Amino acid sequence: MSRRSLLAGCVAAAGLAVAGRALAAVPPRPMPQPAVIELKTPEGRAVSISEWRPQGTTRGVILFSHGAGSAPAYYDPIIGPWVAAGWRVLAPLHVDSREHPQTAQYPGLASWKARVEDMRALVSHIGEAPFVAAGHSYGGLVATMLGGAQPVLPEGLQAPLVPRLARAVIAFSPPPPIPVLVTESGYGALSVPALVQTGTLDLMQGMAADGWKAHLAPFTAAAAGGDRYGLVLEGANHYFGGAICDFSQPGPPQLVALKMAVEHAALFLEGFGAGSARARRRLDRLVTQALPARLMKR
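So, here's what we can say about the structure. Along each chain, residue indices are assigned from 1 in the same order as the chain's sequence is written. Under the rules for a predicted model, residues below a pLDDT of 70 receive no local features and side-chain atom pairs below 80 are neither given nor counted, while totals for whole chains, interfaces and linings still include all residues. Note that the side-chain values use all heavy atoms of the structure and ignore hydrogens as well as water.

### Quick look at the sheet that holds strand 4 (residues 87-92)
1) Next: Strand pairing is assigned whenever DSSP detects at least two bridges linking the two strands. Each helix is a run of H or I in the DSSP string that is no shorter than four residues. Each strand is a run of E no shorter than two, and both are numbered from the N terminus. Strand order in the open sheet formed by nine strands is 1-2-4-3-5-6-7-8-9, with mixed pairing between adjacent strands. Edge strands, defined here as strands with exactly one partner in the open sheet, are strand 1 (35-40) and strand 9 (293-297). Each strand axis lies, on average, 20° off the axis of its neighbour in the sheet, ignoring direction.
2) Next: In terms of strand pairing, strand 6 (residues 168-172) meets strand 7 (residues 194-199) through four bridges, oriented parallel. Residue pairing in the sheet places Ile-170 in a bridge with Leu-195 of strand 7.
3) Next: Together, strand 2 (46-52), strand 3 (60-65), strand 4, strand 5 (131-136) and strand 6 form the strand contacts of helix 2 (residues 76-84), whose direction differs from that of strand 4 by roughly 145°.
4) Next: Packing against the sheet, helix 4 (residues 138-145) makes contact with strand 3, strand 5 and strand 6, and its axis sits at approximately 155° to strand 5. Note on method: axes are straight lines fitted to C-alpha atoms, helices fitted across the in-contact stretch only, with angles between N-to-C directions ranging 0 to 180 degrees. Note on contacts: a residue pair qualifies if any of its non-hydrogen atoms lie within 4.5 Å across the two residues.

Shown next, in the form of structure tokens:
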């Protein structure tokens with residue numbers, strides 16, 4: 001089997017790909033339209049970036065990577081609170097998005113190479129500014145890469161994968177280890193504080209009832225003692241019931257679970273993105289094995 005064919009099968013199996021039906025056109029929580037800027041990779045490929053700037057003082061920068069087939073516009077419930085809290089958010093439209101005009105030209109692993117190039121260009125664009133890396137699903141893998149994880153190096157690129165690392169990582173439902181993308185040991189190289197989220201319904205068809213645990217691989221594989229957190233939300237699936245990424249997913253939207261995810265991410269962001277010791281202590285007080293929001297720390 002070719003690498004391209006294997007990728008296609010693994011991506012579908014891991015729940016990275018958005019369902020085949022068209023994405024809904026209207027987000028559930030509208031927010032101000034972002035500015036759209038265009039960057040160029042060294043090869044000359046144009047990368048469209050959605051940029052949200054907060055009102056007043058900017059507290060920091062977040063680089064966000066969307067799920068496979070999706071687009072930045074489908075994450076308002078996550079991005080909106082960050083912008084309202086004072087964070088500048090920049091999010092590329094990756095070539096695997098159904099809204100990308102050239103998506104057909106990037107089948108299989110070509111999208112992985114392009115994603116790495118997108119983030120390299122974006123890190124260069126913000127200069128020396130510290131940043132937090134965040135992402136969902138396929139974008140969760142991208143976020144962990146920006147935090148030191150070592151996914152498979154795409155053909156045609158040379159190491160290091162990124163020019164410099166994020167201050168911290170927030171990964172919503174990153175993929176489990178997939179041989180053509182990332183191994184468990186590759187996830188284990190994660191070297192910055194991280195919040196890795198999944199849910200007890202974050203399953204693909206045919207997966208065992210506890211298969212959702214595989215999405216915690218960046219948390220469980222990374223060395224202990226590095227301020228890594230694993231968040232498990234009871235009753236949450238890969239799309240929070242269609243509240244993010246793909247609004248045409250079967251509902252109802254899992255808004256209670258999504259609210260818990262956003263609240264935990266906000267504390268983590270305050271603690272490790274903005275450097276608040278108080279927020280870190282508050283987050284640590286939430287550590288528990290009990291559901292509906294099981295928060296673990298290593």
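### Focus: the pairing of strand 4
1) Next: Across the six residues of strand 4, six count as buried, placing the element largely inside the fold.
2) Next: Side chains of strand 4 alternate between two faces, with Trp-87, Val-89 and Ala-91 and Arg-88, Leu-90 and Pro-92 buried alike.
3) Next: Bridge count for strand 2 against strand 4 is four bridges, and the pairing is antiparallel. In the strand pairing of strand 4, Ser-50 is matched with Ala-91. Type-normalised accessible area, obtained with a 1.4 Å probe on protein chains alone, sets the label of each residue: buried when under 20%, exposed when over 50%, and partly exposed for intermediate values.

### Some details on the pairing of strand 8 (residues 228-233)
1) Next: Among the six residues that make up strand 8, six are buried, leaving the element largely enclosed by the rest of the structure.
2) Next: With six bridges joining them, strand 7 and strand 8 adopt parallel strand pairing. Directly across from Ala-194, in strand 8, lies its bridge partner Arg-228.

### Re the packing of aromatic side chains
1) Next: Put simply, two rings from Phe, Tyr or Trp (the six-membered ring, in Trp's case) pair if the centres are within 6.5 Å, and we call them stacked under 30 degrees between planes, edge-to-face over 60, tilted for the rest. According to the stated counting rule, one finds seven aromatic pairs in the structure shown.
2) Next: Between Tyr-229 and Phe-272 the ring centres are 5.9 Å apart and the planes differ by 55°, which places this aromatic pair in the tilted class. Separated by 43 residues along the polypeptide, Tyr-229 in strand 8 and Phe-272 in helix 7 (residues 255-273) bring together distant segments of the chain. By the burial criterion, Tyr-229 is buried, and Phe-272 matches it.
3) Next: Here the aromatic residues Phe-64, Tyr-75 and Trp-82 are joined through ring pairs into a cluster of three or more.
4) Next: Against the face of Tyr-138 rests Arg-115, its NZ or CZ located 4.1 Å from the ring centre.
5) Next: A ring is scored as having a charge over it whenever the NZ atom of a lysine or the CZ atom of an arginine sits within 6 Å of its centre and within 35 degrees of its normal. Lying across the ring of Phe-219, Arg-298 places its NZ or CZ 6.0 Å from the centre.

### Regarding unusual backbone geometry
1) Next: Pro-160 follows Ala-159 through a cis peptide bond whose omega is 0°.
2) Next: On the secondary structure map, Pro-160 appears in the loop between helix 4 and strand 6.
3) Next: Cis geometry is found at the peptide bond from Leu-291 to Pro-292, where omega equals 25°.
4) Next: Here Pro-292 is to be found in the loop between helix 8 (277-285) and strand 9.
5) Next: At Ser-137, a position not held by glycine, the phi torsion is positive, near 60°.
6) Next: Turning to its location among the elements, Ser-137 is positioned in the loop between strand 5 and helix 4.
7) Next: Of note, the phi angle at Asp-227 is positive, near 60°, even though the residue is not glycine.
8) Next: Note on placement: Asp-227 falls in the loop between helix 6 (217-221) and strand 8.

### Regarding the pattern of salt bridges
1) Next: Salt bridges are defined by distance alone: a side-chain nitrogen of Lys or Arg within 4 Å of a carboxyl oxygen of Asp or Glu. Summed over all chains, the structure comprises eleven salt bridges.
2) Next: For Glu-51, the salt bridge identified is with Arg-53, shortest N-O distance 3.1 Å.
3) Next: The exposure class of Glu-51 is buried, given its relative accessible area of 8%.
4) Next: Arg-53 sits in the exposed class, given a relative accessible area of 54%.
5) Next: Note that Arg-115 is salt-bridged to Asp-96, the shortest N-O span being 2.8 Å. Here Arg-115, found in helix 3 (residues 110-125), pairs with Asp-96, found in the loop between strand 4 and helix 3; they are 19 residues apart in sequence, far enough to count as distant. Neither Arg-115 nor Asp-96 differs from the other in exposure class; each is buried.

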